[in-house]
Amino acid sequence: MSAPPNNTFLKQWGVLGIAFFLLGGAVVHNLYKGYRDTEAIEQQRLKTQARVVAENISNSIGATDRVLLTLRSGLRGVPPQRWSAIATTSSLKQLESLIPGVRTFLGVDSAGRIRFSNRPELVGTSVVYRDYFRIPREASGDDILFVAPPFQTVLGSWGMNLVRIIPGQDGAFGGIVAATLDPDHFTALLGSINYSGDMVSAIIHGDGLLFTMAPEWKELAGKNLALPGTLFSRHRASGAVENLYHGLFRATGDERMVALRTAVVDEPKTDKPIIVAASRSDASIFSGWRAHLRNQTLVLFSIILVSSYLLARYQQSKRVQLQQTAAANAKLRKLTHGIENSASAVMITDKNGTIEYVNRKFCQLTGYGIDEAVGQNPRILKSEATPREVFDNLWRTILSGSEWRGELLNRRKNGELYWSIASISPLRDDQGEITHFIANVEDINDRKNAEATIEHLAYYDPLTDLPNRRMLQDRLEIALKRSRRQGSGMALLYLDLDGFKHVNDNLGHPAGDRLLKEMATRYTSLLRDDDLVCRMGGDEFAVILHDVHHDEDAVVVAHRLLEQTAQPVQLDDSEVVVTASIGIALFPKNGDDTRTLEKNADIALYHAKGEGKNTFSFFDEELNSASRNRIALEQRLRQVLEKNELLVLYQPKISLATGKVTGVEALVRWNSPEFGMVSPLRFIPLAEETRMIIPIGEWVLETACRQQVLWQEQGLSLTMAVNLSSVQFKSPTLIERITAILDKTGMLAEQLELELTESALVEKPNEATWILEQLRSLGCGIAIDDFGTGYSSLAYLKNFPVTVLKIDRTFVRDLAHDSGDRAIAQSVVALANNLDMQTVAEGVEQQEQLAILRELGCAFVQGFIYSRPVPADELPAIVHTITAGDESL
Ligand SMILES: Nc1nc2c(ncn2[C@@H]2O[C@H](COP(=O)(O)O[C@H]3[C@@H](O)[C@H](n4cnc5c(=O)[nH]c(N)nc54)O[C@@H]3COP(=O)(O)O)[C@@H](O)[C@H]2O)c(=O)[nH]1
């Protein structure tokens with residue numbers, strides 16, 4: 001974000017400052033001029049008023065002097081005693097009325113006694129000490145009109161006398177004639193010139209004594225204004241007729257503009273002047289100007305404040321605007337940068353669809369350069385693979401102002417198709433009109449491919465590439481719908497390879513995998529295109545046959561599948577032959593829905609396997625009930641320990657050399673209240689499938705061990721052989737469990753012989769060897785049960801720490817008649833001898849068999865010829881009988 005232009009703002013303040021300065025200057029100038037004009041006008045007016053009064057006074061003095069001179073000339077040479085006859089009261093009163101401003105006329109003799117007056121009450125009064133008598137007498141000069149200082153008359157009134165000396169004999173002082181000026185007359189005169197309430201005018205004697213003043217003068221009458229520094233003194237000292245001053249006016253005691261004018265009297269000559277003062281208070285003179293000043297100042301400051309405020313507001317809004325613009329620019333830059341470098345392809349078109357902008361990612365995605373794309377229509381990317389309706393919908397949506405989002409299969413510049421997901425939105429101008437469209441496009445090609453792969457993995461078996469169990473479900477559903485719709489039949493075949501486990505065990509898993517792939521190819525090739533073969537997992541396959549009209553249709557296919565399965569397969573150096581078992585369920589005969597069909601096909605397969613393998617079996621109700629029985633059996637088996645329904649029988653093992661019972665084999669039985677005595681042949685495989693064999697096996701082992709210890713304590717020393725299932729053998733806790741049981745029961749490990757089938761050992765021979773060694777190190781004997789029936793590798797056998805080989809009873813059964821069985825029995829005995837093992841023949845029922853076995857060198861035998869498996873409490877008696885030599889019980 002760029003900083004606001006502070007320089008511009010400062011300049012604006014500078015300009016405003018200059019404007020303020022100029023405006024202020026104009027205002028000051030204006031005010032100054034106003035002040036000066038006010039002052040000048042007032043000066044002029046005051047001067048004029050002073051002059052008017054002064055002239056008036058001059059005239060009054062002149063007129064009065066003429067009266068005095070007339071009086072004096074009438075008295076000249078006349079003795080004072082007769083003056084009153086000449087200047088009679090009535091004539092004087094007449095004069096008084098003729099001369100305004102004169103209150104009293106006096107005639108005073110040289111002794112200072114009043115000889116006549118228009119005020120008879122004054123006649124005879126001595127005024128010898130009065131200034132108006134004393135000054136002329138001392139000055140002497142009959143050509144001078146004396147202006148005596150103002151004084152208080154004997155009548156108590158205030159006055160100022162104009163005096164002429166009456167010359168006496170020989171030029172001696174002969175007395176005076178005087179006229180007393182009436183202050184009230186002059187006060188009125190002064191009042192008439194006062195043109196404003198604050199104006200004060202005064203008449204001052206030349207010595208500085210205040211004669212009269214308007215308004216309000218009486219208290220101030222006689223006040224001396226001639227003190228040093230006063231305006232009056234300055235005027236007098238200046239010698240000028242007229243002066244104009246500003247300052248403290250002593251008469252009023254405040255600051256005033258004062259015009260002082262000396263009343264000029266050309267003729268007669270006066271001894272003292274009379275000064276007129278006209279004044280106004282500064283406060284009043286300039287009150288208007290001051291108000292103007294206040295207004296102007298107020299206006300000026302208002303202008304300054306308002307302008308400053310407006311400028312500050314303007315700058316603030318400008319600053320905000322600039323900040324917003326800067327922020328918007330920064331945001332725009334970021335957005336532009338973001339779009340430029342976006343991981344998504346971005347394309348902007350005008351409203352007609354002409355490309356105006358594409359970003360880098362767009363170019364990477366489509367293969368078009370910016371110059372190649374701009375100006376073009378987006379249909380350059382269009383492929384026929386995306387249906388037209390998609391584009392119709394797209395345009396309808398964005399033209400209506402909404403966002404369109406969807407997947408498109410477009411075409412790159414090089415012609416390659418690619419999947420993308422686009423979101424296209426309209427852009428509007430300020431009026432809300434659509435002006436452009438912006439498309440945000442993401443490359444989802446990899447995702448789509450991955451999805452396709454995942455979907456393939458989800459529905460196809462990765463090894464054979466056949467549809468898997470999940471796909472089977474879907475297809476089965478579809479097939480059922482189709483069959484229902486067409487009213488045709490359908491068959492579901494479950495196929496399980498027989499002996500596949502042995503291929504895996506003996507040739508390894510890679511070989512097993514190749515076998516499965518080969519079978520997948522064979523099955524696919526023998527079926528119609530319409531039919532479906534799936535791999536369900538492991539060695540299980542499923543086939544859906546459509547349009548099955550008769551059971552035979554399914555039989556034909558089942559036969560072909562069995563045939564093809566049984567064809568030899570070359571795996572590395574080995575040619576392997578496997579077979580298959582097939583279970584068939586028909587629609588609608590064996591089920592109307594997928595679940596039932598699948599369950600019934602499974603039951604049929606189970607049956608086929610039980611039938612000896614390499615065969616197929618149709619589902620029927622009988623099978624269904626067998627299956628139900630199996631399920632019921634399984635449920636009861638889970639509670640067998642809890643309900644204490646197991647028991648152990650013991651079958652003696654006899655030494656052919658001594659004829660004595662040397663040991664017993666523990667054989668479990670299930671005494672079920674529901675199913676009766678259940679053979680281990682029936683429930684042990686079920687227990688192995690459900691892993692119930694682990695707790696059951698441990699229970700048998702512990703019961704057998706405890707019994708062995710009991711017999712041992714009773715003096716019956718017998719080895720105890722206990723069968724160990726392959727499931728138990730593979731249990732990781734096998735060693736710990738056996739050790740714990742031996743510890744718990746107190747049985748010696750050397751007395752225990754664990755019987756294992758060949759198949760339990762050959763699956764993982766290295767691990768089996770390790771476990772067997774552990775068992776041997778405990779002290780237990782190891783017997784291989786049913787020896788010769790499985791796929792024993794003699795190489796493995798050599799390495800297993802086995803102590804006993806048991807010759808299976810299938811070889812013993814026909815020993816007397818089948819030379820092959822005899823040869824096998826003989827080989828087993830020879831092998832055992834070579835490997836330093838013992839041999840036990842089981843299932844011996846006849847003396848003939850016994851004789852042959854003895855002849856072959858077999859060490860021990862078991863069989864009904866001596867004893868069936870019996871409960872523990874019956875065994876001691878049997879042992880006793882056998883030892884006593886009775887072989888037939
Ligand atoms: N894992 C476990 N397997 C066990 C256990 N108990 C038994 N079994 C296995 O069950 C299979 C069937 O056993 P069973 O029905 O007990 O049959 C045994 C004998 O009764 C029978 N036998 C013995 N002598 C004769 C004879 O002279 N004739 C004849 N027809 N049958 C005879 O053979 C079976 C003993 O076989 P084997 O164990 O191989 O020595 C069987 O495979 C048992 O192993 C158990 O607790 N755990």
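- The protein has the name Diguanylate cyclase in an unreviewed UniProt entry, where Trichlorobacter ammonificans is given as its organism.

Some details on the overall build of the protein
For step 1, the next point in the chain: Of the regular secondary structure elements, the protein holds 29 helices and 33 strands.
For step 2, the next point in the chain: The 889 residues of the protein split such that 46% are buried.
For step 3, the next point in the chain: Accessible surface, the protein as shown: approximately 43600 Å² in total, 52% of it carbon and sulfur.

Digging into the site of the ligand
For step 1, the next point in the chain: Near the ligand lie 22 residues; those nearest to it are Glu665, Arg669, Arg809, Glu842 and Glu845.
For step 2, the next point in the chain: A distance of 2.8 Å separates an oxygen atom of the ligand from a polar side-chain atom of arginine 669.
For step 3, the next point in the chain: If you tally residues by element for the shell around the ligand, the top one is strand E26 (residues 661–672), at four residues.

Brief notes about helix H27 (residues 819–834)
For an α-helix, 3.6 residues make a turn, and residues three or four places apart therefore share a direction.
For step 1, the next point in the chain: With 16 residues, H27 should cover 22 Å at 1.5 Å per step; its first-to-last C-alpha distance of 22 Å lies within 8% of that length.
For step 2, the next point in the chain: Among the residues making up H27, those that are buried are Asp821, Ala825, Val828, Val829 and Ala832. Looking straight down H27, one finds its buried side chains confined to an arc of 95 degrees; they lie on one side. Across H27 from its buried face, at more than 90 degrees, point the exposed residues Ser819 and Asn834.
For step 3, the next point in the chain: On its buried face, H27 sits against strand E30 (781–787), strand E31 (804–807), helix H26 (809–813), strand E32 (838–841) and helix H28 (847–856).

Considerations on the pairing of strand E1 (residues 102–109)
For step 1, the next point in the chain: With eight of its eight residues buried, E1 lies for the most part within the structure.
For step 2, the next point in the chain: In terms of strand pairing, E1 meets strand E2 (residues 114–117) through three bridges, oriented antiparallel. Residue pairing in the sheet places leucine 106 in a bridge with serine 117 of E2.
For step 3, the next point in the chain: Where E1 folds back on E2, the antiparallel hairpin that results is connected by four residues, among which glycine 112 adopts a positive phi of roughly 90 degrees.

Re the sheet that holds strand E20 (residues 540–545)
Whenever strands of a sheet pair, they do so through backbone hydrogen bonds, lying parallel or antiparallel.
For step 1, the next point in the chain: Spatially, E19-E20-E18-E23-E24 is the arrangement adopted by the five strands of the open sheet, whose pairing is mixed. Each edge of the open sheet is held by one strand with a lone partner, namely strand E19 (532–537) and strand E24 (615–618). Put simply, the sheet's adjacent strands are angled 20 degrees from each other on average, direction ignored.
For step 2, the next point in the chain: Where strand E18 (residues 490–498) meets E20, six bridges bridge the pair, whose relative direction is antiparallel. Bridge pairing links leucine 495 to phenylalanine 541 in E20.
For step 3, the next point in the chain: Sitting on the sheet, helix H15 (residues 509–526) touches E18, E19 and E20, and the angle it makes with E18 is about 150 degrees.

Some thoughts on the pattern of salt bridges
For step 1, the next point in the chain: Under the counting rule described, the total for this entry stands at 42 salt bridges.
For step 2, the next point in the chain: Two residues, aspartate 37 and lysine 33, come together in a salt bridge whose shortest N-O distance is 3.3 Å. Pair noted here: aspartate 37 and lysine 33 are both in helix H1 (residues 6–75), with a separation of four residues, about one helical turn.
For step 3, the next point in the chain: Lysine 33 gets classed as partly exposed once you look at its relative accessible area, which sits at 45%.
For step 4, the next point in the chain: Its salt-bridge partner being arginine 636, residue glutamate 674 comes within 2.4 Å of it at the nearest N-O pair. A residue pair is termed long-range when its members are at least 10 positions apart, and glutamate 674 in the loop between E26 and strand E27 (676–678) and arginine 636 in helix H18 (residues 621–637) qualify at 38 residues.
For step 5, the next point in the chain: Look at the salt bridges and you will find they share partners, linking Glu665, Glu755, Lys806 and Glu842 into a network.

Quick look at the nonpolar core
For step 1, the next point in the chain: Core analysis: the biggest nonpolar cluster contains 83 residues, and Tyr650, Phe729 and Leu775 have the highest contact counts within it.
For step 2, the next point in the chain: Sorting elements by how many residues they give to this core places helix H20 (residues 693–713) first, with nine residues.
For step 3, the next point in the chain: Among the nonpolar cores identified, the runner-up in size contains 49 residues, and Leu31, Phe186, Ala221 and Phe286 belong to it.

Describing empty space enclosed by the protein
For step 1, the next point in the chain: Applying the stated rule across the entire model yields three cavities of 30 Å³ or more.
For step 2, the next point in the chain: Put simply, the largest cavity is a space of about 100 Å³.
For step 3, the next point in the chain: Ile694, Gly697, Glu698, Leu701, Leu724, Gln728, Ser731, Thr733, Leu734, Arg737, Ile738 and Ile741 are the residues that line the largest cavity.
For step 4, the next point in the chain: Those elements giving two or more residues to the lining of the largest cavity turn out to be H20 and helix H22 (734–745).

Some words on the packing of aromatic side chains
For step 1, the next point in the chain: Scanning the entire structure with this criterion turns up 13 aromatic pairs.
For step 2, the next point in the chain: Their ring planes at 75 degrees and their centres at 6.3 Å tell us that tryptophan 83 and phenylalanine 116 sit as a pair that is edge-to-face. In this pair, tryptophan 83 is assigned in helix H2 (residues 83–86) and phenylalanine 116 in strand E2, connecting sequence segments 33 residues apart.
For step 3, the next point in the chain: Relative accessible area serves as the criterion here: at 1%, phenylalanine 116 is assigned to the buried category.
For step 4, the next point in the chain: One aromatic cluster in this structure is built from Tyr35, Phe286 and Trp289.
For step 5, the next point in the chain: When the ring centre of tryptophan 419 is taken as reference, the NZ or CZ atom of lysine 448 above it lies at 4.3 Å.
For step 6, the next point in the chain: A cation over an aromatic ring shows up here: arginine 868 above the ring of phenylalanine 864, its NZ or CZ 4.0 Å from the ring centre.

Looking at the confidence of the model for the protein
Close reading of the predicted structure is inappropriate where its pLDDT is low.
For step 1, the next point in the chain: Per-residue pLDDT for the protein averages 90, and the proportion of residues at 70 or more is 98%.
For step 2, the next point in the chain: Within the protein, the lowest mean pLDDT, 72, falls on helix H25 (residues 794–799), and the highest, 98, falls on strand E28 (residues 719–723).
For step 3, the next point in the chain: Model confidence for the complex is summarised by a pTM of 0.45, with the ipTM given as 0.93.

Remarks on the packing of H1 against helix H5 (residues 183–193)
For step 1, the next point in the chain: Two elements in contact, H1 and H5, have axes separated by 9 Å at closest approach and are oriented at 155 degrees. Classified by the angle their axes make, H1 and H5 are roughly antiparallel. Considering only the axes of H1 and H5, their crossing is right-handed. Mapping the contact onto sequence places Gln49, Val52, Val53, Asn56, Ile57 and Ser60 in H1 and Phe186, Leu189, Leu190 and Ile193 in H5.
For step 2, the next point in the chain: For the contact of H1 with H5, the class distribution of residues is seven nonpolar, three polar and no charged.

Observations concerning the pairing of E31
For step 1, the next point in the chain: Across the two faces of E31 the burial is the same, with Val804 and Lys806 and Leu805 and Ile807 all buried.
For step 2, the next point in the chain: Bridging between E30 and E31 involves three bridges; their strand directions are parallel. Of the residues in E31, the one forming a bridge with isoleucine 784 is leucine 805.

The rules behind the values
Residues numbered from 1 in each chain as written. Predicted model: local features only at pLDDT ≥ 70, side-chain atom pairs only at ≥ 80, totals over all residues. Heavy atoms only, no water. Helix = DSSP H or I, 4+ residues; strand = E, 2+ residues; numbered from the N terminus. Buried < 20%, exposed > 50% of the residue type's maximum accessible area, 1.4 Å probe, protein only. Areas by Shrake-Rupley, 256 points an atom, 1.4 Å probe, with all protein chains shown as cover. Near = heavy atom within 4 Å. Polar contact = N/O pair within 3.5 Å; in protein donor to acceptor, adjacent residues only side chain to side chain. Expected span 1.5 Å × (residues − 1). Arc of directions from axis to C-beta. Contact = heavy atoms within 4.5 Å. Pairing = 2+ DSSP bridges. Axes fitted to C-alpha atoms, helices over the stretch in contact; angles between N-to-C directions. Salt bridge = Lys/Arg side-chain N within 4 Å of Asp/Glu carboxyl O. Core = buried A, V, L, I, M, F, W, Y, C linked by side-chain atoms within 4.5 Å. 1 Å grid on protein atoms, 1.4 Å probe; cavity = no way out; pocket = protein on both sides within 12 Å on 5 of 7 lines; lining within 4 Å. Points joined across faces, edges and corners; volume = space filled by probe spheres on them. Phe/Tyr/Trp six-rings, centres within 6.5 Å; stacked < 30°, edge-to-face > 60°. Lys NZ or Arg CZ within 6 Å of the ring centre and 35° of its normal. pLDDT = per-residue confidence, 0-100. Parallel < 35°, antiparallel > 145°, perpendicular 65-115°, else oblique. Left-handed = near helix turned anticlockwise from the far one by under 90°. Nonpolar A, V, L, I, M, F, W, Y, C, P; charged D, E, K, R; others polar.

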